[in-house]
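Here's the letter readout for the chains.
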Amino acid sequence: MLIYLFLFTGTGKTRTIVAIIRALMDCGVRVHATAPTNVAMIILADRTLADATDQCAEYKSKFRLADLLLVASERANIIVEDRLSCLHERPRSKRILDAMFNIGQYIPTFCRGLDGSVSDSEDDEVDFEEIRENMYKSKCRLHVLMDEAPLSLIENCQEFLCSLLSDIEYLCNLNSWRIGDILDEQLQLRVTSIISTLKVVERKLTRLSSDELLKLMFKEASVVFSTVNSGGRRVLMEETFDVVVVDEATQLVQAETAILFRGDMKRLILVGDEHQLPPTVFSKAGVQKGYATSLFARLVALRYPVSMLDVQYRMHPRISSWTSSHIYSNNLSDGANVMDNDYNCGFDSISGGAVTVYDVAFGKEEKDIKGSSYNEAEVEVVRGLMIRVRKSFVGQDKVISVTVLTPYASQCSRCKDICTLLSSANVVFKASTVNSFQGQECDIVIFSAVRSNPHGDLQFLADIHRMNVAITRPKHMFMLVCNVATLATTSNWGSYIKDAGIVSEDKILQKVKKTIDDFDNNWARKDGLFQDKLWEVECPNEFSKSINASSSNIQEDIVRIIVKLASGKWPKRENSCSFIPDELKGIVHVYKYASGSNDLVWSVDVRQTVDGSGKQVLKVWGFAIYNSDEIGRIVQRIKYDLARLSPKYLRRRSDKGIVNSEGSILPKIFENGADLVENDVQLGISHADSSGQGKVYTLDDKAVRIWRSEGRNSFMSLPFKTSQEEDDIINCVTSMLVL
């Protein structure tokens, strides 16, 4: 077994892999092309299909779609592009079975129609719309058979199929038919003879089950694309491949690579870059024992012969310079195309350079309910940069691709809807995590680092491999949005920022900072905003933090809505929301505004008053701007919070207040408010003080289920009431909570 290794970074990796695959195909060699992730595998399949199609058109070489087969698990829930649906195993098998079944139906139908029109019609012009439709259906199914079916299924009638397809396409392309021009005798005889041939083929295929057809498709495909894990499927393990190609091989642990080893395999080609993302291994003990070391990295460490492409054709030299000097020991050089003076034409005017660092020192790093970090201030700076980019290329014919990269899923989710909103015909925005974007490229990358803390805690953001992936994705511009003081605590990021230069006086930064500072001052005095209103307003800390970091327009809209609700001016109709479960309907409400694209989530709570009664108050939970997923997260947080409350308490929260003479809704007052509030927990919790400084709470199974459902590394709501002293103990960094 021979193993070839290639090291790449922006050096035409995918193009080289595709060239290898195409050369092996031309030599009659069977290839299994794999990658660790669906994204990498689909990119490889897409480029191979495009190259094969272009080569077929340019050199008039023979190429059938049946030569390429894409394997993707239905449970993987991946989105295969429309142009790749022709390669996907399951849809293809359905199309082939459908084509064989329906050709026997439509061809006789339109042939009988043509024969009848010739013999019976006395008019010069005949309406052939139904006949034409049947011809079109037959033509589509013929293309499926000719291009996608295994050759062994059609080899006995391939010549007839070609002739029939040519004749049907000729008839379909006629603008109008006259009786004398419809079918000559020779063509009638040809169609009649082909029907009998197709019936033979149809009978042969209908004996095949879907699984049998799939096995035949796998057996005859020249190149099969799949993820490495899918390579362990029985249908693939039963096949033999001369060559196995693994893209992004550095992301595989050695045990995963072994899935691809088969007795008849003659070549294994590993393609990757050991300086980019390694395998994902959560076990610290496993990492220490070397489990996170890929076969690729191990062979490189053993000085196995390596072929390295050392000329990069993607990045502007200003972008590649730091990577070449600090990661690749100056062994990476720039291609002639990126060295051209016009390579960055039109891009430098956006921010004055190919690499720019925006210092968002005023940003606040926070965590969502799942424990993923986000930074609202950086989101607003990213929004401003996206608007600037769009304005720079408005009206131009060239399509510009811009990707917002971030290490954290929560930050990515907050940017995705902004990308959808701001994308135009010639400027396309998308958001992605760094891990998901390895192996891809775009014109401009806006990188949001998120981390902003005085301790310099970067967690996995400090990883040099993840950093290398992020800074080597763009062709023309890299914009780093970060808290410089936090990010520069590591030597690598510190060196990169020093080399790039910092922008701290940009108009976007100034505008976002002013907005946050102004609203911080106003929101600190928020009680004054609602002091004379009918309803008392409560806002959780997370809501206050989110609104602090929002733009002035968003803040004004939200405050206006809260003032309206606090004044008793509630919506006349309940806005439906798919995220609100049935048990919370009538308790949790969604206020839609901005033509229904923005949402404010609120509810009614009950608080004990000075005289001991209970009074309804307005509680504002959160808001979402063009982001339906955020509504789901807010509702999930509310669900956890309300799950600990008694049915009696929930009924008081859902009771609608009294309507006064002006049509405003007033909060309800309940007697025995102390009893209502203090006895709201019905979870079977008993309290028992333990010795020393600890306290023991015995919880029943319902309370435990609430806690466990919130997942790992997430914030949890205590399913019982605590005093201020207990809160201080729980929140103390030296305290430990044992469940």
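Details of the structure are given in the entry above.
Summary of the structure given here. (Residues numbered from 1 in each chain as written. Predicted model: local features only at pLDDT ≥ 70, side-chain atom pairs only at ≥ 80, totals over all residues. Heavy atoms only, no water.)

Quick notes on the overall build of the protein chain
Here comes step 1: Scanning the protein chain for helices and strands turns up 29 helices and 26 strands.
Here comes step 2: In the protein chain, which comprises 739 residues, the share counted as buried stands at 49%.
Here comes step 3: Nonlocal contacts in the protein chain, meaning residues at least 24 apart in sequence, comprise 74% of its contacts between residues at least 6 apart.
Here comes step 4: A total accessible area of about 36,500 Å² is found for the protein chain, and carbon and sulfur atoms account for 50% of it. (Helix = DSSP H or I, 4+ residues; strand = E, 2+ residues; numbered from the N terminus. Buried < 20%, exposed > 50% of the residue type's maximum accessible area, 1.4 Å probe, protein only. Contact = heavy atoms within 4.5 Å. Areas by Shrake-Rupley, 256 points an atom, 1.4 Å probe, with all protein chains shown as cover.)

Some thoughts on the packing of helix H18 (residues 464-471) against helix H20 (residues 491-500)
Here comes step 1: One can describe the packing of H18 onto H20 by two numbers: an axis separation of 10 Å at closest approach and a directional angle of 30 degrees. As judged from the angle between their axes, H18 and H20 are roughly parallel. Across from Ile464, Met467 and Ile471 in H18, the residues of H20 making contact are Asn492, Trp493 and Tyr496.
Here comes step 2: Tallied by class, the residues present in the contact of H18 with H20 amount to five nonpolar, one polar and no charged. (Axes fitted to C-alpha atoms, helices over the stretch in contact; angles between N-to-C directions. Parallel < 35°, antiparallel > 145°, perpendicular 65-115°, else oblique. Nonpolar A, V, L, I, M, F, W, Y, C, P; charged D, E, K, R; others polar.)

What about the pattern of salt bridges?
Here comes step 1: Inspection of the entire model under this criterion finds 20 salt bridges.
Here comes step 2: The salt bridge involving Glu148 is made with Arg95; its shortest N-O contact spans 2.8 Å. With a gap of 53 residues between them, Glu148 in helix H4 (residues 129-148) and Arg95 in helix H3 (residues 89-120) connect regions that are remote in the sequence.
Here comes step 3: Taking relative accessible area as the criterion, Glu148 reaches 8% and is therefore assigned buried. (Salt bridge = Lys/Arg side-chain N within 4 Å of Asp/Glu carboxyl O.)

Topic: the packing of aromatic side chains
Here comes step 1: One pass over the structure, following the stated rule, counts nine aromatic pairs.
Here comes step 2: With a centroid separation of 6.2 Å and 25 degrees between ring planes, the pair formed by Phe447 and Phe478 is classed as stacked. Here Phe447, found in strand S15 (residues 442-448), pairs with Phe478, found in strand S16 (residues 474-482); they are 31 residues apart in sequence, far enough to count as distant. The pair Phe447 / Phe478 is uniform in exposure class, with both members buried.
Here comes step 3: Here Trp570 and Trp602 contribute two aromatic rings whose centre-to-centre distance is 4.9 Å and whose plane-to-plane angle is 70 degrees, an arrangement assigned as edge-to-face. Within this pair, whereas Trp570 is found in the loop between helix H24 (552-566) and strand S19 (588-593), its partner Trp602 is found in strand S20 (residues 598-608), the two being separated by 32 residues in sequence. As far as the burial class goes, Trp570 and Trp602 line up, both buried.
Here comes step 4: Members of the aromatic cluster, connected to one another through ring pairs, are Trp322, Phe447, Phe478, Trp493 and Tyr496.
Here comes step 5: The ring of Tyr374 carries the charged tip of Arg414 above its face, separated from the ring centre by 3.6 Å. (Phe/Tyr/Trp six-rings, centres within 6.5 Å; stacked < 30°, edge-to-face > 60°. Lys NZ or Arg CZ within 6 Å of the ring centre and 35° of its normal.)

Structural notes on the nonpolar core
Here comes step 1: Within the largest apolar cluster, 33 residues are counted, with the highest numbers of intra-cluster contacts made by Met386, Ile444, Ile446 and Met479.
Here comes step 2: Ignoring anything within four residues of it in the chain, the contact list for Met386 reads Val404, Ile418, Cys419, Leu422, Phe429 and Ile446.
Here comes step 3: Core analysis: the second largest hydrophobic core is formed by 32 residues, Ile327, Leu480, Val484 and Ile497 among them. (Core = buried A, V, L, I, M, F, W, Y, C linked by side-chain atoms within 4.5 Å.)

Considering the pairing of strand S10 (residues 355-359)
Here comes step 1: For S10, the tally of buried residues reaches four of five residues, placing the bulk of the element in the interior.
Here comes step 2: Here five bridges tie S10 to S16, and the two strands are oriented parallel to one another. For Thr356, the partnering residue across the bridge sits in S16 and is Met479.
Here comes step 3: In the sheet, S10 pairs with strand S17 (residues 502-503) via two bridges, with the strands oriented parallel. In the sheet register, Tyr358 faces S17, and the bridge partner there is Val503. (Pairing = 2+ DSSP bridges.)

Some details on helix H1 (residues 13-26)
Here comes step 1: Given a rise of 1.5 Å per residue, 14 residues ought to cover 20 Å, and the 20 Å separating the end C-alpha atoms of H1 matches this to within 8%.
Here comes step 2: Where H1 is concerned, the buried positions are Lys13, Thr14, Ile17, Val18, Ile21, Arg22, Leu24 and Met25. Projected down its long axis, H1 carries its buried residues within an arc of 165 degrees, all on one side. Opposite the packed face of H1, turned more than 90 degrees from it, sit the exposed residues Arg15 and Asp26.
Here comes step 3: Once H1 finishes, Gly28 follows within two positions and takes phi at roughly 75 degrees, a positive value. (Expected span 1.5 Å × (residues − 1). Arc of directions from axis to C-beta.)

Description of the sheet that holds S15
Here comes step 1: One open sheet holds the six strands; their spatial order is S14-S13-S15-S16-S10-S17, and the pairing between them is parallel. Pairing within the sheet leaves two strands with one partner each, and these edge strands are strand S14 (427-433) and S17.
Here comes step 2: Contacts from helix H16 (residues 376-392) reach S10, strand S13 (400-406), S14, S15 and S16, with the element oriented near 150 degrees to S16.
Here comes step 3: Running at roughly 125 degrees to S16, H18 makes contact with S13, S15 and S16 of the sheet.

Quick word on helix H17 (residues 409-422)
Here comes step 1: Given a rise of 1.5 Å per residue, 14 residues ought to cover 20 Å, and the 20 Å separating the end C-alpha atoms of H17 matches this to within 8%.
Here comes step 2: By the burial criterion, the buried members of H17 are Ser410, Gln411, Cys412, Ser413, Arg414, Cys415, Ile418, Cys419 and Leu422.

A look at unusual backbone geometry
Here comes step 1: Phi at Asn330 takes a positive value of approximately 65 degrees, unusual for a residue other than glycine.
Here comes step 2: Mapped onto the secondary structure, Asn330 falls in the loop between helix H13 (317-326) and strand S9 (333-334).
Here comes step 3: Of the residues examined, Asn330 reaches a relative accessible area of 58% and is grouped as exposed.
Here comes step 4: Even without being glycine, Gln459 reaches a positive phi, approximately 50 degrees.
Here comes step 5: Here Gln459 lies in the loop between S15 and H18.

Regarding the environment of Glu238
Here comes step 1: Summarising the element assignment, Glu238 is placed in the loop between helix H9 (234-237) and strand S5 (243-246).
Here comes step 2: Overall, the relative accessible area of 48% leaves Glu238 in the partly exposed class.
Here comes step 3: The sequence separation of Glu238 and Lys215 amounts to 23 residues, and the corresponding C-alpha distance is 9.3 Å.

A few points about the pairing of S20
Here comes step 1: Counting buried positions over the eleven residues of S20 gives nine, a clear majority of the element.
Here comes step 2: Bridge count for S19 against S20 is six bridges, and the pairing is antiparallel. Its bridge partner being in S20, Val588 is matched across the sheet by Ser603.
Here comes step 3: Pairing between S20 and strand S21 (residues 614-625): eleven bridges, direction antiparallel.

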